[in-house]
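As a plain string of letters, each chain reads:
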Number of protein chains: 2
Amino acid sequence: MRTELSTRLGIEYALFGFTPFPAVAAALCRAGGFGVLGAVRYRDAGELARDLDWLDRNTGGAPYGLDVVMPARRAPGTEGLGEDDVEAVIPASHRRYVDEILAAHDVPALPGGQRAGWRVTGWLEDVARAQLDVAFDHPVALLANALGPPPADVVTRAHAHGMLVAALAGSARHARRHAEAGVDVVVAQGYEAGGHTGEIATMVLTPEVVRAVDPLPVLAAGGIGSGEQIAAGLALGAQGVWLGSLWLTTEEAALSSPALTAKLLAAGSGDTVRSRALTGKPARQLRTAWTDAWDDPAGPGPLPMPLQGLLVAEALTRIQHHEVLPLLGTPVGQIVGRMDAVRPVRAVVDELTRDFERAVARLGRIAGGTT
Amino acid sequence: MRTELSTRLGIEYALFGFTPFPAVAAALCRAGGFGVLGAVRYRDAGELARDLDWLDRNTGGAPYGLDVVMPARRAPGTEGLGEDDVEAVIPASHRRYVDEILAAHDVPALPGGQRAGWRVTGWLEDVARAQLDVAFDHPVALLANALGPPPADVVTRAHAHGMLVAALAGSARHARRHAEAGVDVVVAQGYEAGGHTGEIATMVLTPEVVRAVDPLPVLAAGGIGSGEQIAAGLALGAQGVWLGSLWLTTEEAALSSPALTAKLLAAGSGDTVRSRALTGKPARQLRTAWTDAWDDPAGPGPLPMPLQGLLVAEALTRIQHHEVLPLLGTPVGQIVGRMDAVRPVRAVVDELTRDFERAVARLGRIAGGTT
């Protein structure tokens, strides 16, 4: 599974894995793929620095990537504000609605003194920039930006450090904007993907983006969790595939609770929803009583990014801490339907590459007319 | 592009084309594919018989298929009713809403004496059964059913006539129900497809359905309009691909107006919407002022099938007759974005098969690691 891009990066497989867990990223790198660590869950830059130091020692010398989130546009009225100022913009009625959801499901408070752990503070540009300073102190081979084109100075700085810059796109128009911003790699993120996603499915989006940014390399993302799906993504003209959901149920993943892993293993492809409940922008995730409450036309509806993420941070931490099943969710794509066992990353990669070879061989027989 | 299924049908390419136009079906058959005529637009069985007679003389001896629509479930309160009785169930407030939409866009009445032409009466089982009687008088090689599993007696009768029976499925659960009903071929219709569709994208749905009904052959549908997309669909384990939208802008298609063709040529992949505006069930179509009106939370919303189809039949005929641009639409999938020229079916097939071979060759190089 070798393309111009994988050759350029010096990796065995054109198989890119996005993960919030350093152990998954490292294992993927050691297995011949390319691990991309998601930085959005990091509260402070020091913690990120420690994890990148660890990655540097644990990829077996293989290169890795880092994904930061810098939304291109801020919600009206929040431009230039810091985290505390933004908190003050959140309407009291929305805070009451959060309390009502939690009360309806008897969600206890956090243990004394404990604060909300995971906050989606990465949506705030100042947080993202502190993370970038850490990134530039490490041998990051690819710097990805999940929302909007990265700022020009970031692209310049990344290139000066010899890093490739990647950006996620949900439409050909977004992809062209990325190309104009100097991005080196575009990740075409289809409708079926976990996390932030548009409405164009991977089957249609990938070749559109390939044509829109030619000759830049494109990675196909969304709906890819098997060797056949990798073959399909590459058949669409991509120079690699970008998988996120599949790693959530690997042994190396550190989900908030075994209950969440169990929910992922049990879920079918129809059990996700594209909802603004988590961040304020449409993101695919497990459908739960939480997403239902925010998608309910009778409710107040989600706030725009970054307000929603700040509004719900503590509530989500409480839900996770107490494993409140009906509300417990996570971003995940439609391929959750085939995540049905907990396995080591290496075993997953072995199966992906073997089934990829098999799918390509079958396709060759179909094309040759020898079936 | 040969699979077990294409060999069984005796066709050159495992390329299935759904179309409401006999000339498109015939041209596709002559070009080595398999044309499937959609029967839903036929008002009476005699007209369908005439078109099948014509097809028999114009496929160059190649086999063809017929697609009828027999919804498995009827709207509550309409079971066992004929067309006129069902009309009486439609609320007056919905009829007023139709009049308001037409008035807002100054849509004139039909010329004196002219009745609504295209009525979606095929949604009614008695109409579908009259069409089936015609089908069984013709050498139809494959009988497809677009909604729900076909009734047991239809499957038995089709098999007695040597016909294969196909059914469309938007989920693995639907596909299993089809297999239990004795269907021979399942068409996995992804979210991005034109017409009635579910929420699971082709990339995820196809392999799920392949596994669910193994060893039955599966056709991949939705998002397929290029040779690369055909390669992707087949890589997912399908034994063929099912294309519908792409033929709408062929020379052989007989759309209601040049204005509609122009709209299709201009539309991008983001210009469709999955809406109940047309039939009462979610169907992907061009987004128009018509779909906006029915998807408007302030409006009454669409009625269930078959009421919505009957409610809107005359209005749609008026819109088409007078080419009222903002309201003018048609079922079409997200691949509308790449329909940018009117060409003969043969030229489209030539390009599809050439680009398919090219995509497979590229994939072979990626798998062989020689890129």
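Residues numbered from 1 in each chain as written. Chains lettered and ligands numbered in written order. Predicted model: local features only at pLDDT ≥ 70, side-chain atom pairs only at ≥ 80, totals over all residues. Heavy atoms only, no water.

Caption draft 1: Quick look at the domain arrangement of chain A. All names here are of chain A. Splitting chain A by domain gives domain 1 (4-74 + 124-249) and domain 2 (83-117 + 255-327). One C-alpha centre belongs to domain 1, the other to domain 2, and the line joining them spans 26 Å. Each side of the interface is counted separately: domain 1 has 17 residues, and domain 2 has 17 residues. For the pairing of domain 1 and domain 2, the buried interface totals around 1400 Å² over both sides, and the portion due to carbon and sulfur atoms is 60%. The tally of links between domain 1 and domain 2 comes to zero salt bridges. Along the lines of polarity and charge, the residues of the side of domain 1 that touches domain 2 split into seven nonpolar, six polar and four charged. (Domains from an automatic or database assignment. Contact = heavy atoms within 4.5 Å. Buried area = accessible area lost by both parts, 1.4 Å probe. Salt bridge = Lys/Arg side-chain N within 4 Å of Asp/Glu carboxyl O. Nonpolar A, V, L, I, M, F, W, Y, C, P; charged D, E, K, R; others polar.)

Caption draft 2: Representation of the nonpolar core. Residues Leu66, Trp290 and Phe356 of chain A together with Leu66, Trp290 and Phe356 of chain B are the most contacted members of the largest nonpolar core, which totals 215 residues. In this view, Phe356 of chain A contacts Met1, Gly227, Ile230, Ala231 and Leu234 of chain A together with Leu363, Ile366 and Ala367 of chain B; residues no more than four positions away in its chain are not counted. (Core = buried A, V, L, I, M, F, W, Y, C linked by side-chain atoms within 4.5 Å. Buried < 20%, exposed > 50% of the residue type's maximum accessible area, 1.4 Å probe, protein only.)

Caption draft 3: Just the packing of aromatic side chains, in detail. Residue and element names in this part refer to chain A. All chains considered together, the criterion is met by nine aromatic pairs over all chains. Put simply, the rings of Tyr97, Trp290 and Trp294 pair up and form one aromatic cluster. Sitting over the face of the ring of Tyr191, Arg284 holds its NZ or CZ atom 4.4 Å from the ring centroid. (Phe/Tyr/Trp six-rings, centres within 6.5 Å; stacked < 30°, edge-to-face > 60°. Lys NZ or Arg CZ within 6 Å of the ring centre and 35° of its normal.)

Caption draft 4: Summary view of the interface of chain B and chain A. The interface is formed by 46 residues belonging to chain B together with 47 residues belonging to chain A. Around 3700 Å² of area is buried between chain B and chain A when both sides are counted, 60% of it from carbon and sulfur atoms. Of all residues in chain B, Met203, Leu363 and Ile366 of chain B bury the most surface against chain A, accounting for 17% of the area lost on that side. At the surface where chain B touches chain A, the tally comes to zero salt bridges. Connecting chain B to chain A are 20 residue pairs in polar contact (both at pLDDT 80 or more). The set of elements that each furnish at least two residues to the side of chain B that touches chain A consists of helix 1 (4-9), helix 9 (202-213), helix 10 (227-235) and helix 14 (345-368) of chain B. (Polar contact = N/O pair within 3.5 Å; in protein donor to acceptor, adjacent residues only side chain to side chain. Helix = DSSP H or I, 4+ residues; strand = E, 2+ residues; numbered from the N terminus.)

Caption draft 5: Here's a closer look at the sheet that holds strand 10 (residues 272-275) of chain B. Residue and element names in this part refer to chain B. Pairing in this open sheet of three strands is antiparallel, and the strands run 7-11-10 from one edge to the other. Of all strands in the sheet, those bounded by a partner on one side alone are strand 7 (195-196) and strand 10. The pairing of strand 10 with strand 11 (residues 283-286) spans four bridges and is classified as antiparallel. Bridging from a neighbouring strand, Arg274 pairs with Arg284 of strand 11. (Pairing = 2+ DSSP bridges.)

Caption draft 6: View of the pattern of salt bridges. Residues and elements named next belong to chain A. Following the criterion strictly, the structure yields 16 salt bridges over all chains and no others. Across the salt bridge formed by Asp355 and Arg354, the nearest N and O atoms sit 3.7 Å from each other. A salt bridge links Arg358 to Asp355; the nearest nitrogen and oxygen atoms lie 3.9 Å apart. Here the residue Arg358 and the residue Asp355 both occupy positions in helix 14 (residues 345-368), the gap between them amounting to three residues, near one helical turn. A single network of salt bridges, built from pairs that share partners, joins Arg354, Asp355 and Arg358.

Caption draft 7: Local environment of the packing of helix 2 (residues 22-30) of chain B against helix 14 of chain B. All names here are of chain B. The N-to-C vectors of helix 2 and helix 14 enclose an angle of 45°; their axes lie 9 Å apart at closest approach. What the angle tells us is that helix 2 and helix 14 run oblique. In this structure, helix 2 crosses over helix 14, and the sense of that crossing is right-handed. Between helix 2, through Val24, Ala27, Leu28 and Arg30, and helix 14, the contact on the second element is made entirely by Val345, Arg346 and Val349. (Axes fitted to C-alpha atoms, helices over the stretch in contact; angles between N-to-C directions. Parallel < 35°, antiparallel > 145°, perpendicular 65-115°, else oblique. Left-handed = near helix turned anticlockwise from the far one by under 90°.)

Caption draft 8: Expanded view of the relation of the copies chain B and chain A. Between chain B and chain A, the superposition needs a rotation of 180° and an axial shift of 0.0 Å, giving an RMSD of 0.0 Å. The symmetry that links the two subunits is that of a two-fold axis. Judged by C-alpha distance, Ala232 of chain B is the residue of chain B that lies nearest the rotation axis, at 1.9 Å. Both copies present the same face, since 100% of the interface residues in chain B are matched by interface residues at the equivalent positions in chain A. (Least-squares fit on C-alpha atoms with pLDDT ≥ 70 in both.)

Caption draft 9: Representation of helix 8 (residues 172-180) of chain A within the structure. All names here are of chain A. Of the positions making up helix 8, those classed as buried are Ala172, Ala175 and His178. For helix 8, the angular spread of buried residues about the axis comes to 115°, placing them on one side. Helix 8 presents Arg173 and Glu180 as exposed residues on the side facing more than 90 degrees away from its buried surface. Following helix 8 by one or two positions, Gly182 has its phi on the positive side, about 95°. (Arc of directions from axis to C-beta.)

Caption draft 10: Region of the structure containing the sheet that holds strand 2 (residues 34-38) of chain A. Residues and elements named next belong to chain A. The eight strands lie next to each other as 1-2-3-4-5-6-8-9, forming a closed barrel whose pairing is parallel. The sheet shows a mean angle of 25° between the axes of neighbouring strands, direction not considered. Looking at chain direction, strand 1 (residues 15-19) and strand 2 are connected through four bridges and run parallel. The residue bridging Gly17 from the neighbouring strand is Gly35, located in strand 2. With respect to the sheet, helix 10 (residues 227-235) is in contact with strand 1, strand 8 (218-221) and strand 9 (240-243), its orientation differing from that of strand 9 by roughly 130°.

Caption draft 11: View of unusual backbone geometry. Here the residue pair Met305 of chain A and Pro306 of chain A is connected by a cis peptide bond, since its omega of 5° sits within 30 degrees of zero. Looking at the secondary structure, you find Pro306 of chain A in the loop between helix 12 (289-295) and helix 13 (307-321). Positive phi outside glycine occurs at Glu323 of chain A, with the angle close to 50°. Among the residues examined, Glu323 of chain A registers a relative accessible area of 35% and is labelled partly exposed. One non-glycine residue with positive phi stands out, namely Asp106 of chain B, at about 50°.

Caption draft 12: Quick look at helix 13 (residues 307-321) of chain B. Residues and elements named next belong to chain B. The end-to-end C-alpha separation of helix 13 is 22 Å, in line with the 21 Å expected for 15 residues at 1.5 Å each. The sharpest bend along helix 13 reaches about 45° and sits at Ala313. Burial analysis of helix 13 places 12 of its 15 residues in the buried class, which makes it a mostly covered element. For helix 13, every residue scored as buried is listed here: Leu307, Gln308, Gly309, Leu310, Leu311, Val312, Ala313, Ala315, Leu316, Thr317, Arg318 and Ile319. Check the buried side of helix 13 and you find it contacts helix 4 (83-89), helix 5 (92-104) and helix 12 (289-295). Glu323 sits one or two positions beyond helix 13 and adopts a positive phi of about 50°. (Expected span 1.5 Å × (residues − 1). Bend = angle between axes of the 7 residues up to and from the residue.)

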